[in-house]
Every structure is written in C-alpha cells, then in structure tokens.
Amino acid sequence: MSSSSEFHEVLHSLRVWDSPLPGFDAAAAPGEPLALFREWFVHAARAGQPEPHTMSLATVDSEGRPDVRVLMLHDADERGWHFASHSTSAKGRQLAGRAEAALCFYWPSVARQVRIRGRVLVCGPEESRADLAVRSRGALAAALTGRQSEVLGSGEELVRASAAAWERAGAEPDAPAPTWTRYVLEPAEAEFFQGDAARRHIRLRYRRTAGGAWLRELLWP
C-alpha cells in the first residue's frame, strides 16, 4: 500500500501537455456544435487517444446530490448525443426523476475537452433493442445479466449469472433485455476547451437561444 508521502510525491511530479498541441481557431469554428464535435472526435482518435468514445455522464438523484460515471458514446447526430443503460440502474432512475444531464469528454493526448448539457430523451423499445443488436455478444450478455447498481452478494454470484447470460446470448442473439434503454442528450449548451501549455486556454461555448439558433461566445480560461 502506498504511503501518503509516496502519493504526494507522485502527484506533484506529474505534468500535462508537454508535447506539441493542436491549434484551435475559434473564429473559424462551425456555427453549431455537432460538426465541431465530430471533427474533434476524429482528430483525437487519429492522434492516438485511447478510447475517445468514453465520456463522463453527470446526473442528480432525488435529493439533488450529483452523481457521475464513465460510459460509452453510441452516436452523435442531429438529435443529440446517444448512450444506453438499464432504466433500472442508478442513472436510469435518476434520469427518470430529472431528465437533465451533462456529458464530458476529455482527450489528454490533444489537450481537448468537450462539455455538453441538456435534457435527456428516452428512446422507445424498438430503438433501444436495435441499439443492443448491433453490439457484441458480451454487451448483450451484460444486458441480460441486468441488476445494474443493485447490491451484489458475492463475486461467485456474479460469475454464475454472467456465465448463464453469456450462454443465452450465444444461443439467443435476439434475446430481449426489457430494461435496456437508449437515451439521447439534446444539447442546450456545449463547450469546447483547447488546452495551451502557456495556460492561455481557448474556451468556446455554444448556447441554444429561445428561437433554436446557436450563440457562440468565448470564455475566460
């Protein structure tokens, strides 16, 4: 087990953005956030950023306490940013109680971050099932295992349930997972952050106006 001194020694020795960073001309950015997100996403992936499709999803519970976790992006289109989970999970219950959330992508290899906030829409059963159909056998097995966020009695219990789910997923590739739900975060605000080694970071925020148009504005870092 690491000591406190070792932890702080390592923590304070870490540095960020020691390699050349991409530029960002905010004035030349597109008029809406989806196009810029797709451009940055492809750039991060081609620059070698591991798992650029992972993102943090923040929600609040019934008492207003914030919660956050990392999950995968399933799509980004004109409707919004797509992800999926069980409706019975902690995030599913929280979204049912308050259908607003925030996403954050962080791509340290290019010193870029994207933050998105808005309301979350629930897709219907057909689209939710289609979401699962295009994924791997392991993803289906995990969905069939279910009980996400419930208390687990033991590791052995998980092994047994998972083995049964893997077997069923192989035998029934169209097996239903009724609580599996696809969600779409409809953006009301999106911020693009480009890090700078001299700490002159560029922050461009898009805000949707009452008429539906996008307003662009720079923010102090």
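Anything mentioned here points back to the structure above.
Predicted model only: the values in this text are computed from it and were never measured.

Rules used in this analysis
- Residues numbered from 1 in each chain as written.
- Predicted model: local features only at pLDDT ≥ 70, side-chain atom pairs only at ≥ 80, totals over all residues.
- Heavy atoms only, no water.
- Helix = DSSP H or I, 4+ residues; strand = E, 2+ residues; numbered from the N terminus.
- Buried < 20%, exposed > 50% of the residue type's maximum accessible area, 1.4 Å probe, protein only.
- Areas by Shrake-Rupley, 256 points an atom, 1.4 Å probe, with all protein chains shown as cover.
- Lys, Arg positive; Asp, Glu negative; His and termini not counted.
- Charge placed at Lys NZ, Arg CZ, Asp CG, Glu CD.
- Contact = heavy atoms within 4.5 Å.
- Core = buried A, V, L, I, M, F, W, Y, C linked by side-chain atoms within 4.5 Å.
- Phe/Tyr/Trp six-rings, centres within 6.5 Å; stacked < 30°, edge-to-face > 60°.
- Pairing = 2+ DSSP bridges.

1. Topic: the overall build of the chain
Part 1 of the argument: When helices and strands are counted, the chain shows six helices and nine strands.
Part 2 of the argument: In terms of overall dimensions, the chain has a C-alpha envelope of 55 × 55 × 40 Å along the principal axes.
Part 3 of the argument: For the chain, with 221 residues in total, the buried portion stands at 35%.
Part 4 of the argument: About 13,000 Å² of surface is accessible on the chain, with carbon and sulfur atoms providing 55% of the total.
Part 5 of the argument: The average position of the 27 basic charges and that of the 28 acidic charges among the side chains of the chain differ by 3 Å.

2. A word on the environment of Ala169
Part 1 of the argument: Among the structural elements, Ala169 can be located in helix α6 (residues 155–171).
Part 2 of the argument: Taking the C-alpha atoms as reference points, Ala169 and Leu219, separated by 50 residues in sequence, lie 48 Å from one another.
Part 3 of the argument: Those residues in contact with Ala169, other than ones at most four positions away along the chain, are Arg137, Leu140, Ala141 and Leu144.

3. Some points on the nonpolar core
Part 1 of the argument: Counting residues in each nonpolar core, the largest one holds 31 residues, and the members touching the most others are Phe37, Trp81 and Phe105.
Part 2 of the argument: Of all the secondary-structure elements, those providing two or more residues to this core are α2 (33–46), β1 (54–60), β4 (80–86), β5 (100–107), β6 (112–122), β7 (180–194) and β8 (202–208).
Part 3 of the argument: The leading source of residues in this core is α2, at five residues.
Part 4 of the argument: In this view, Trp81 contacts Leu34, Phe37, Leu73, Asp75, Ala76, Leu103, Phe105, Ile116, Tyr183, Val184, Leu185 and Pro187; residues no more than four positions away in its chain are not counted.

4. Let's talk about the packing of aromatic side chains
Part 1 of the argument: Under the counting rule described, the total for this entry stands at 12 aromatic pairs.
Part 2 of the argument: Their ring planes at 20° and their centres at 5.4 Å tell us that Phe83 and Tyr183 sit as a pair that is stacked. Of this pair, Phe83 sits in strand β4 while Tyr183 sits in strand β7, and the two are 100 residues apart along the sequence. No difference in accessibility class separates Phe83 from Tyr183, as the two residues are buried.
Part 3 of the argument: Both rings, one in Phe105 and one in Trp107, keep their centres 5.8 Å apart while their planes meet at 45°; by these two values the pair is tilted. With respect to class, Phe105 is no different from Trp107; both count as buried.

5. Topic: the pairing of β6
Part 1 of the argument: Where β5 and β6 come together, eight bridges link them in antiparallel fashion. If you follow Leu103 over to β6, its bridge partner there is Ile116.
Part 2 of the argument: As defined by bridge partners, β6 adjoins β7 across 11 bridges and the pair is classed as antiparallel. Its bridge partner lying in β7, Val114 is registered against Phe192.

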